[in-house]
Amino acid sequence: MAMRQTPLTCSGHTRPVVDLAFSGITPYGYFLISACKDGKPMLRQGDTGDWIGTFLGHKGAVWGATLNKDATKAATAAADFTAKVWDAVSGDELMTLAHKHIVKTVDFTQDSNYLLTGGQDKLLRIYDLNKPEAEPKEISGHTSGIKKALWCSDDKQILSADDKTVRLWDHATMTEVKSVNFNMSVSSMEYIPEGEVLVLTYGRTIAFHSAVSLEPIKSFEAPATINSASLHPEKEFLVAGGEDFKLYKYDYNSGEELESYKGHFGPIHCVRFSPDGELYASGSEDGTLRLWQTVVGKTYGLWKCVLPEEDSAELPKPKIAFPETAEEELEEIASENSDSIYSSTPEVKA
């Protein structure tokens, strides 16, 4: 009998969670940032969902959020016509980058020296973070609001998506290399550096394209409209979520549906695998983030698989065992930072 998937629920947001991103693996583990329409992006420990802090300063819905590779900086994109860069260790706001319209997406270069932004004004902007007073470089060409923009090919190129078009740009010449049009709105885009794979969702389709040529590799059809999909780091599985509140897990090679289960109490807006591939996170209209195990029953993070005694006739059941000190640690963190950006501690529960 298969073990039951038991997600960890991370509460604290008061409006829909619309974007999330993981850092790389650091000496302190890896981290997770979430963007929410409540205007208060949150930072969490990636493997447990434990709340670390809330970045306070935006005056409108936050549509996009990201962390640099070593989780020392965060960037957010918001409806208040700004993108902000934060010190992810102290929580301090480092700079506010004014735009002429709603900002939807932000992405750091690998060395964290440049920030790419995109939004409703149809322009891509590249900011030199070492020269915050300098005007950004601008790339025009999109014909509708930009939903997602990502660095690719070792920051030599840029991928961007508007309503029904995905474009590839050359960073050095600031010119378009290629574009692909779709017959319906592109709802999400993920870039996988290993193998240069681009993961796109539109309608019920989950499509994989070459990030170098934009040529299609393969695609799968889901039972419902999909808002987001993510490919496992080792390209074994992919997960997707959308309008039917359910999460789907597929075999990447065969396209076979491996699991599906109701994941939230509202449409799912974003899903992403952790950098080690051990879990994936989902964000929803219901205002929560949930963490899910890639391999159910494995002891990892706050999950602990407790097997029955050998002479017991019971079947193995996965149980969640929380460390005895978890609650004390969270209270200690909140106490230490009571005079900084951090607000009251949201819960992490099974």
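Here the residue index of a chain counts from 1 through its sequence in written order. Under the rules for a predicted model, residues below a pLDDT of 70 receive no local features and side-chain atom pairs below 80 are neither given nor counted, while totals for whole chains, interfaces and linings still include all residues. Side-chain measures were taken over the full set of non-hydrogen atoms in the model, leaving aside hydrogen atoms and water.

**Brief notes about the sheet that holds strand 11 (residues 114-119)**
Hydrogen bonding along the main chain pairs the strands of a sheet, whether they run parallel or antiparallel.
(1) Moving on: When DSSP finds two or more bridges between a pair of strands, those strands are recorded as paired. A run of H or I in DSSP becomes a helix once it reaches four residues, and a run of E becomes a strand once it reaches two; helices and strands are each numbered from the N terminus. Overall, antiparallel pairing links the 4 strands, which are arranged 10-11-12-13 in an open sheet. Every interior strand has two partners, whereas the edge strands, strand 10 (103-108) and strand 13 (137-139), have only one. Direction aside, neighbouring strands of the sheet carry axes that sit 20° apart on average.
(2) Moving on: Note: strand 11 against strand 12 (residues 124-128), 5 bridges, orientation antiparallel. Residue L116 lies in a different strand from strand 12, and its bridge partner there is I126. Fitting a line to C-alpha atoms yields each axis, with helices limited to the stretch in contact; the angle taken between N-to-C directions then spans 0 to 180 degrees.

**A few points about the UniProt feature "repeat: WD" (unreviewed entry) in the protein**
(1) Moving on: UniProt positions are given in the numbering used here, feature names are shortened, and annotations may be inferred rather than shown by experiment. Residues annotated by UniProt as "repeat: WD" (unreviewed entry) correspond here to residues 55-96, 96-137, 139-179 and 261-293.
(2) Moving on: With 0% helix and 58% strand, residues 261-293 has its two end C-alpha atoms placed 13 Å apart.

**A word on the environment of D286**
(1) Moving on: Of note, D286 is situated in the loop between strand 27 (279-284) and strand 28 (289-293).
(2) Moving on: Sequence separation of D286 and R15 is 271 residues, and the distance between their C-alpha atoms is 7.2 Å.
(3) Moving on: Contacts are residue-level and defined by heavy atoms, with any inter-residue pair within 4.5 Å sufficient. With residues near it in sequence (within four places) discarded, D286 still touches H264, F265 and G266.
(4) Moving on: A 3.5 Å cut-off defines polar contacts: any pair of N or O atoms within that distance qualifies, except that in protein one atom must be a possible hydrogen donor and the other a possible acceptor, and neighbouring residues in sequence count only when both atoms are side-chain atoms. Reaching out from D286, the side chain makes a polar contact with the side chain of H264 at a distance of 3.1 Å.

**Some details on the confidence of the model for the protein**
(1) Moving on: Per-residue confidence for the protein gives a mean pLDDT of 89; residues scoring 70 or more make up 87%.
(2) Moving on: Per-residue pLDDT stays below 50 along residues 310-350; that stretch engages in 72 contacts with residues further than four places along the chain or on separate chains. Confidence scores here are pLDDT values: one per residue, from the predictor, ranging 0 to 100.

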